[in-house]
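So the chains spell out like this:
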Amino acid sequence: MALDKLQSLKSAISEAIKAVYDHDVDQTTLVLSETKKEFDGDYTVVVFPFTKVLRKKPEEIANSLGAWIKEHKSDVISDFNVIKGFLNFSLPDNFWKDAMAGLKVQEDQGIAKSGSSKVLVEYSSPNTNKPLHLGHIRNILLGWSTHKILAAVGHDVEKTKVVNDRGIAICKSMLAWQMDEESKTPEKSGVKGDHLVGDYYVAFEKRFQAEYQPWQQSADGQAAYEARKNKDQSEAAFFKAHKNKYFNEKSAIGKAARDLLISWEQGDPKVRELWSTMNGWVYKGWEATYDQLGVSFDFKDYESETYLLGKDIIKEGLEKGTFYRQEDGSVWVDLEDRGLDKKILLRSDGTSVYITQDLGTAQMRYKDHGAEKMIYVVGDEQDYHFQVLFEALKKLEEPYADGLYHLSYGMVDLPTGKMKGREGTIVDADDLIAEVIGEVRDAAIERGELEEITQEEREDIYRKIGLAALKFFILKVNPKKRMVFDPKESVDMQGQTGPYIQNAYVRIMSMLRRIDEDKLGSYGAYANIDPSEKSLIITLMNYPEEVAKAAKHYDPSLIANYTYDLAKKFHKFYHDVRVLSAESAEAKAFRLTLCRQVADTLEHAMDLLGIEMPPRM
RNA sequence: GGUUCCGUAGCUCAGCUGGAUAGAGCACCGGAUUUCUAAUCCGGCGGUCCCAGGUUCGAAUCCUGGCGGGAUCACCA
């Protein structure tokens, strides 16, 4: 196979070094890279590193090695040239034909099965008081793609999410619903369930502000402002920061919401019923969004069921002496030896904090699901939380502690800045998806294409193209980076976009539909392989390595950028050479075989991103 | 202030296990087809790779120190 072929070039180089200079080199340290297109040749080895040990000039080394290999290993290289310390090799036609044959027989596109662990990917863990927005989309796409990539390298992967279905937030929506005379339901109102509950959450905030704003001007409010610690703080900033305190201590509506939470915790049947009804609306709404995005989960944990977890692990930690109890009864872990702080794990009244249930959930996932590795797809504002969580589990010497990874990603900004609820700039997930598909539909109608197929088939293609545009736009950016999302650009279909890649695939499918792939014949006699063909083969050979890298770094953007590179090279090839009307039967067979491989690899890679390929467009 | 992430063309981003003249897309200008699907291709324009030191034959890439921006540092989640 292809790798062996490059291996033979590496061997030839090390043999040459031995023969000419009587020096042994470790072949694994030899790095062959694709020759830059401004220069002649296919692969390049940099000889600078040898100058020290061989004590010769780089040009001299390169020339003697090249000459030796050309003389003694004429089957491995067809020619070479030297520019400064760069030794460029041209490889013979047979190399390319063998390499392509090697690609074709490989299953799973030749991706090495490097992993075999049971891996859990947790992604999309939203609160039930709001519909999903653009930020969630980044999370969802990253989580889905990461799970696909890890599965591709052999891991046994399960997807999960934690549903934050309890707490004060949902109680706010519930209270607003109770206060609303209409008592809307998704059925009655025609509003999607998650949006309806979100609307009630907003309604609550409005009612709260209607109470809070006047209070700020009252004697009591002004007294609180006068008593502020930081005298530089403006009135607006003070009251913004004071909001939670007011909510908890003075607000009537705040008390009503908190009472609802207490009733919930006590298991009040009426409250529980409303709670589960409204959450049900949200779940149904979300499901529709997940379906649109083509993602799913193997199982879900509900915070209402897991929030009491973690007490056992705290107990273990106390017994082992890893954690300690303060006089007031609260439990802490000291991570100062690991560059972090002391962190509370259990309140003095014995109730959980956020991290308590995360400790418990991790342990549960290990015990109940056998998870050896757990990937948490969560925004980078929680970097510190996960550092603490992981270090605490390491300190406890939990067996899965080394397999924990926080796939941290940056916030999505708009060209105008941050998304802000109050300013109404939050990009809703459902709206965005519909908009992107609508744009594709409009563009297609304008072009007057796809008129020969059914309405249903057309809609399916619009959906695939629209989602490809959206998903690719988000996934091509390195997750760690905060990214700017321009809604206009996200529906672009030209250039570095999902549709550009789909177009390469569609072009190939269009050709393959016209021929019988089983009757292609041999390309054994094909000679004078075109540079555009070579560059495609090289790129295809790199695919398994690229997937391995993406898996290692948990980074789908590497795959996205790879697909673009491959598609770009294909479009160039398509332009430079004729395929169906090639100059010879061998050339035609060779090119069609190559096209098939490109299509398969593109489809496979895009699938890793959660992007579907349309048969035509 | 401590910690951490980011800083590459007007804009959005690649490249970062050190290698040749730093690449794409968008935008702008100009060309190619009377199609194996132009959702394509080719050319032009556009850069103190945030700054300063250091390591090296060689630094966008590694190290140190700055500067700028984000996040975080709750008995909130």
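Only a predicted model underlies this, so the values are computations on that prediction, with no experimental measurement involved.

Some thoughts on the overall build of chain A
Then, number 1: From N to C terminus, chain A includes 23 helices and 14 strands.
Then, number 2: Each of the three principal axes of chain A carries a C-alpha extent, and together these read 95 × 65 × 50 Å.
Then, number 3: Buried residues in chain A amount to 52% of all 617 residues.
Then, number 4: Here the contacts in chain A between residues at least 6 apart in sequence split such that 74% fall between residues at least 24 apart.
Then, number 5: Working note: accessible area of chain A is about 29,600 Å², and carbon and sulfur atoms make up 48% of it.
Then, number 6: Side chains of chain A give 83 positive and 100 negative charges; the mean places of these two sets differ by 3 Å.

Some words on the protein's contact with RNA strand B
Then, number 1: As a matter of local geometry, RNA strand B sits amid 56 residues, with Asp328, Arg347, Arg482, Arg507 and Ser510 nearest to it.
Then, number 2: The contact in question runs from a phosphate oxygen of RNA strand B to an N or O atom on the side chain of Lys480, over 3.2 Å.
Then, number 3: A distance of 3.2 Å is found between a sugar or linking oxygen of RNA strand B and a backbone nitrogen or oxygen belonging to Gln496.
Then, number 4: When contributions to the surface near RNA strand B are tallied by element, the ones reaching two or more residues are β2 (43-46), α2 (48-54), β4 (86-90), β14 (483-484), α20 (498-512) and α22 (556-576).
Then, number 5: Considering every element that reaches the surface near RNA strand B, the biggest residue donor is α22, with 7 residues.
Then, number 6: Split by residue class, the surface near RNA strand B holds 24 nonpolar, 12 polar and 20 charged.

Things to note about the sheet that holds strand β1 (residues 32-34)
Then, number 1: Strand order in the open sheet formed by 4 strands is β1-β2-β4-β3, with antiparallel pairing between adjacent strands. Two strands in the sheet have a free side with no partner beyond their single neighbour: β1 and β3 (79-83). Each neighbouring strand pair of the sheet contributes to a mean axis angle of 30°, computed without reference to strand direction.
Then, number 2: Of the pairings in the sheet, the one linking β2 to β4 comprises 4 bridges and is antiparallel in character. In the strand pairing of β4, Thr44 is matched with Asn88.

Considerations on the nonpolar core
Then, number 1: Ranked by size, the top nonpolar core spans 163 residues in total, and within it Leu9, Tyr43 and Phe89 carry the most contacts.
Then, number 2: It is helix α23 (residues 585-608) that contributes the most residues to this core, 12 residues altogether.
Then, number 3: Listed in part, the 29 residues of the second largest apolar core include Ile314, Leu359, Ala371 and Leu393.

A look at the pattern of salt bridges
Then, number 1: This structure, assessed with the given rule, holds 36 salt bridges.
Then, number 2: For Asp259, the salt bridge identified is with Lys255, shortest N-O distance 3.0 Å. Taken as a pair, Asp259 and Lys255 lie in helix α11 (residues 252-265) at a separation of 4 residues, close to a single helical turn.
Then, number 3: Among the charged side chains, a salt-bridge network with shared partners connects Asp460, Arg463, Lys464 and Glu612.

Digging into the domain arrangement of chain A
Then, number 1: You can read the domains of chain A as domain 1 (2-91), domain 2 (118-413) and domain 3 (431-608).
Then, number 2: Between domain 1 and domain 2, the C-alpha centre-to-centre distance is 57 Å.

Some remarks on the packing of helix α12 (residues 269-293) against helix α17 (residues 429-447)
Then, number 1: The N-to-C vectors of α12 and α17 enclose an angle of 35°; their axes lie 10 Å apart at closest approach. Here α12 and α17 pass one another in a crossing that is left-handed. Along the contact surface, α12 presents Thr289, Gln292 and Leu293, while α17 presents Ala429, Asp430, Ile433 and Ile437.
Then, number 2: Looking at side-chain class alone, the contact of α12 with α17 contains 4 nonpolar, 2 polar and 1 charged residues.

What about the sheet that holds strand β6 (residues 156-163)?
Then, number 1: Strand order in this open sheet of 5 strands is β7-β6-β5-β11-β12, and the pairing throughout is parallel. Each edge of the sheet is formed by a strand with only one pairing partner; in this case those strands are β7 (299-302) and β12 (404-409). For this sheet, the mean inter-axis angle between neighbouring strands, taken without regard to orientation, is 25°.
Then, number 2: Pairing of strand β5 (residues 118-122) with β6, which is carried by 5 bridges, proceeds in the parallel orientation. From the neighbouring strand, Lys118 faces β6, where its bridge partner is Asp156.
Then, number 3: Sitting on the sheet, α12 touches β6 and β7, and the angle it makes with β6 is about 140°.
Then, number 4: Sitting on the sheet, helix α16 (residues 383-395) touches β11 (373-379) and β12, and the angle it makes with β12 is about 175°.

Section: the pairing of β2
Then, number 1: The pairing of β1 with β2 spans 3 bridges and is antiparallel. Note on β2: the bridge partner recorded for Ser33 is Thr44.

Some points on the pairing of β7
Then, number 1: Taking every second residue as pointing to the same face, the buried face of β7 carries Phe299 and Asp301, while none of Lys300 and Tyr302 on the other face is buried.
Then, number 2: Pairing between β6 and β7: 4 bridges, direction parallel. The residue of β7 that forms the bridge with Val162 is Asp301.

Overview of the packing of aromatic side chains
Then, number 1: Across all of its chains, the model carries 34 aromatic pairs by this definition.
Then, number 2: Their ring planes at 75° and their centres at 5.1 Å tell us that Tyr290 and Phe297 sit as a pair that is edge-to-face.
Then, number 3: Judged by its relative accessible area of 0%, Tyr290 falls in the buried class.
Then, number 4: A relative accessible area of 14% places Phe297 in the buried class.
Then, number 5: Cluster of aromatic residues (ring-pair linked, three or more members): Phe204, Phe208, Tyr212, Trp215, Tyr225, Phe238, Phe239, Tyr246 and Phe247.
Then, number 6: Positioned above the aromatic ring of Trp264, the side-chain terminus of Arg272 is 3.9 Å from the ring centre.
Then, number 7: A cation sits over an aromatic face here: Arg272 above Trp275, 5.6 Å from the ring centre.

Cut-offs used in this document
Residues numbered from 1 in each chain as written. Chains lettered and ligands numbered in written order. Predicted model: local features only at pLDDT ≥ 70, side-chain atom pairs only at ≥ 80, totals over all residues. Heavy atoms only, no water. Helix = DSSP H or I, 4+ residues; strand = E, 2+ residues; numbered from the N terminus. Buried < 20%, exposed > 50% of the residue type's maximum accessible area, 1.4 Å probe, protein only. Contact = heavy atoms within 4.5 Å. Areas by Shrake-Rupley, 256 points an atom, 1.4 Å probe, with all protein chains shown as cover. Lys, Arg positive; Asp, Glu negative; His and termini not counted. Charge placed at Lys NZ, Arg CZ, Asp CG, Glu CD. Near = heavy atom within 4 Å. Polar contact = N/O pair within 3.5 Å; in protein donor to acceptor, adjacent residues only side chain to side chain. Nonpolar A, V, L, I, M, F, W, Y, C, P; charged D, E, K, R; others polar. Pairing = 2+ DSSP bridges. Axes fitted to C-alpha atoms, helices over the stretch in contact; angles between N-to-C directions. Core = buried A, V, L, I, M, F, W, Y, C linked by side-chain atoms within 4.5 Å. Salt bridge = Lys/Arg side-chain N within 4 Å of Asp/Glu carboxyl O. Domains from an automatic or database assignment. Left-handed = near helix turned anticlockwise from the far one by under 90°. Phe/Tyr/Trp six-rings, centres within 6.5 Å; stacked < 30°, edge-to-face > 60°. Lys NZ or Arg CZ within 6 Å of the ring centre and 35° of its normal.

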